[in-house]
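A closer look at the structure
Below, each chain spelled out in residue letters.
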Amino acid sequence: MIENRDRLASSAARDVALECIEAGIEAGHPESVVREAVALEGEVLRVAGESYDLGDYDEVVVLGGGNAAAHVAAALEDLLGDRIDGGVIVTDDPAETERVSVREGDHPVPSERGVAGTRDLLERAGAVSDNALVLAAITGGGSALMPAPAGDLSLADLQATTDALLASGADIHEINAVRKHLSALKGGRLARRTAPATVVSLILSDVVGNDLSVVASGPVAPDESTYEDALSVLERYGIDAPDGAAARLERGAAGDIPETPGTDDPAFDRVTNHVVADGMTALRAASDAAADRGYDPLILSSRVRGEARDAATTHVAIAEEGRATETPVSPPAVLLSGGETTVTVRGDGDGGPNQEFATSAALALGGDGRDGTGGENDREITVAAVDTDGIDGATDAAGALVDGTTVADPDAARTALAENDVYPYLEARNALIRTGPTGTNLNDLRVLVVE
């Protein structure tokens, strides 16, 4: 899975960190997830404990999008075969399918081909029969991959707004509150398009707390956010949105445009949402991998958020405490966390949250004395941080692997962080982890190996 694994695994601790990363990502792949969550017994489809008699429906259609959506569709085809009557998926990680049309889009910023694919998705959704069974594959990355500019908005409006939001330091709930109100699909509007068909969603969540209205901006989930909320996000982060986007949000806040459908909307009368994998799926698998190698694993949290570089120093402090006092765990140990950290972009470089996390951790481990840490003992702590979809920020790296030997020039590392340009810094130190598209997206996965 990891393209440069042999070079990265230059120590036993590094090898363990990479093994935990691989185990976590593999556990979240739809091939495994769908097999565990979905079963076919005769003509009865069972999804996470719910039963659906396929004989009761006129057609079975697969719709949705996200980084892992095509692999969900492929897994459903393996299970249901010709019982599937077609569908449309929009993704940046295609998989081979026979009955479901896979259209490609782009992530993390929407593109023209994503708009075209989403147009096909909406058309197919509008054409489903009233007595259809819609299997909705909803996964992380869907917000960018399924752009559907609302009203007279342009793709350029969505792109500029998305760029500004991603650079602002806003969290995913805030970002998607805006995106939902600029879309013809998000915020439950896909469910409205398919109503009154029966919709059963299979969700691979990349959102802290599994808020269904936020995963892929909740295309088949009720939405409680408002146009006013979206405007507040722009104001809070000083975002100068394009005129078209700002005007639409203002018209919505004034009541001139209908709100996204909420929990009492009849569009959801026949919708059931199932989270079949999330960040904890990856963490448990990584924990098992650590235990198999003889390390004591400890999952700190699946809900870590905040500025990436700040979260890194906290993680390193916990690892140092373990070495010094055997609290909260006694070495050899592996500390694990998930969630979604953010980056407030002030420079004009390349990188992503996990690369900034790794760079900050490497600085803390370097022990140059300027940040209060130090020394040779920190070389016994190894840190890996990746985005499980294989794309950290807008780069070709999933994240990075570092230890106390990574930073020999603290000033250069600090400059890279200040300029949000850690990608070239880490690349020059052979620290980047590259996986390519992984087939899943369960958000961040961080591993600290404490010898």
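Just above, that's the structure.
The structure presented is a predicted model; accordingly, all values stated were derived computationally and were not measured.

**Looking at the pairing of strand 5 (residues 87–91)**
- With 5 of 5 residues buried, strand 5 lies mostly within the body of the structure.
- Here strand 5 shows no split at all, with Gly87, Ile89 and Thr91 on one side and Val88 and Val90 on the other all buried.
- Relative to strand 5, strand 4 (residues 59–65) is paired through 4 bridges, and the arrangement is parallel. Counterpart to Gly64 in the pairing with strand 5 is Ile89.
- Regarding the hand of the β-α-β motif, the stretch spanning strand 4, helix 4 (residues 69–80) and strand 5 is right-handed.
- Where strand 5 meets strand 6 (residues 101–104), 4 bridges bridge the pair, whose relative direction is parallel. Across the sheet, residue Val90 finds its bridge partner in strand 6, namely Arg103.

**Description of the pattern of salt bridges**
- For the structure on display, the rule yields 21 salt bridges.
- A salt bridge links Arg446 to Asp444, with the nearest nitrogen and oxygen atoms 3.4 Å apart.
- Classification of Asp444 by relative accessible area gives buried; the value is 5%.
- Counted as one network, the salt bridges with shared partners bring together Arg5, Asp15, Glu19, Glu22 and Arg293.

**Points about the sheet that holds strand 3 (residues 50–53)**
- Strand order in this open sheet of 3 strands is 1-2-3, and the pairing throughout is antiparallel. Two strands lie at the open edges of the sheet, namely strand 1 (38–41) and strand 3, each paired on one side alone. Strand after strand, the sheet turns through a mean of 20 degrees between neighbouring axes, direction not considered.
- Along the sheet, helix 3 (residues 30–37) makes contact with strand 1 and strand 2 (44–47), crossing strand 1 at roughly 50 degrees.
- Against the sheet, helix 4 engages strand 1 and strand 2, with an angle of about 15 degrees to strand 1.

**Brief notes about the environment of His274**
- Structurally, His274 can be placed in strand 9 (residues 271–277).
- In the structure, His274 is positioned 224 residues away from Glu50 in sequence and 9.6 Å away in space, judged by C-alpha atoms.

**Focus: the packing of helix 14 (residues 353–366) against helix 15 (residues 410–418)**
- Two numbers describe how helix 14 lies on helix 15: the axes approach to 10 Å, and their chain directions differ by 155 degrees. One finds that helix 14 runs roughly antiparallel with respect to helix 15. The way helix 14 lies across helix 15 gives a crossing that is left-handed. Residue-level contacts link Glu356, Thr359, Ser360 and Leu363 of helix 14 to Pro410, Ala413, Arg414 and Leu417 of helix 15.
- Looking at the contact of helix 14 with helix 15, its residues break down into 4 nonpolar, 2 polar and 2 charged.

**Topic: the sheet that holds strand 14 (residues 432–433)**
- Within the open sheet, the 6 strands sit side by side as 10-11-15-12-13-14. Their pairing is mixed. In this open sheet, the two strands that pair with only one neighbour each are strand 10 (296–307) and strand 14.
- One ladder, built from 7 bridges, connects strand 11 (residues 333–342) with strand 15 (residues 444–450); its direction is antiparallel. What sits directly across from Gly339, in strand 15, is Asp444.
- Packing of helix 12 (residues 279–292) onto the sheet brings it into contact with strand 10, strand 11 and strand 15, and relative to strand 10 it is tilted by some 145 degrees.

**Focus: helix 14**
- Taking 1.5 Å as the rise per residue, helix 14 with 14 residues should run 20 Å; its terminal C-alpha atoms sit 20 Å apart, in good agreement.
- Where burial is concerned, most of helix 14 is hidden: 13 out of the 14 residues are buried.

**Some thoughts on empty space enclosed by the protein**
- Within the structure shown, the criterion is met by 2 cavities of 30 Å³ or more.
- Of the volumes computed, that of the largest cavity is approximately 90 Å³.
- Taken together, Pro110, Ser143, Ala144, Pro147, Leu158, Thr162, Arg179, Leu182, Ser183 and Lys186 make up the lining of the largest cavity.
- Sorting the residues of the lining of the largest cavity by element identifies helix 6 (142–145) and helix 7 (155–168) as the ones contributing at least two each.
- Considered class by class, the residues forming the lining of the largest cavity number 5 nonpolar, 3 polar and 2 charged.
- Along the walls of the second largest cavity sit Ile138, Ile203, Leu212, Val215, Gly218, Pro219, Val220, Ala221 and Asn273, which together make up its complete lining.
- Looking at the lining of the second largest cavity, its residues break down into 7 nonpolar, 2 polar and no charged.

The rules behind each value
Residues numbered from 1 in each chain as written. Predicted model: local features only at pLDDT ≥ 70, side-chain atom pairs only at ≥ 80, totals over all residues. Heavy atoms only, no water. Buried < 20%, exposed > 50% of the residue type's maximum accessible area, 1.4 Å probe, protein only. Helix = DSSP H or I, 4+ residues; strand = E, 2+ residues; numbered from the N terminus. Pairing = 2+ DSSP bridges. Right-handed = clockwise from strand over helix to strand, strands pointing away. Salt bridge = Lys/Arg side-chain N within 4 Å of Asp/Glu carboxyl O. Axes fitted to C-alpha atoms, helices over the stretch in contact; angles between N-to-C directions. Contact = heavy atoms within 4.5 Å. Parallel < 35°, antiparallel > 145°, perpendicular 65-115°, else oblique. Left-handed = near helix turned anticlockwise from the far one by under 90°. Nonpolar A, V, L, I, M, F, W, Y, C, P; charged D, E, K, R; others polar. Expected span 1.5 Å × (residues − 1). 1 Å grid on protein atoms, 1.4 Å probe; cavity = no way out; pocket = protein on both sides within 12 Å on 5 of 7 lines; lining within 4 Å. Points joined across faces, edges and corners; volume = space filled by probe spheres on them.

Interpretation note: all reported values are geometric properties and have no functional meaning in isolation.
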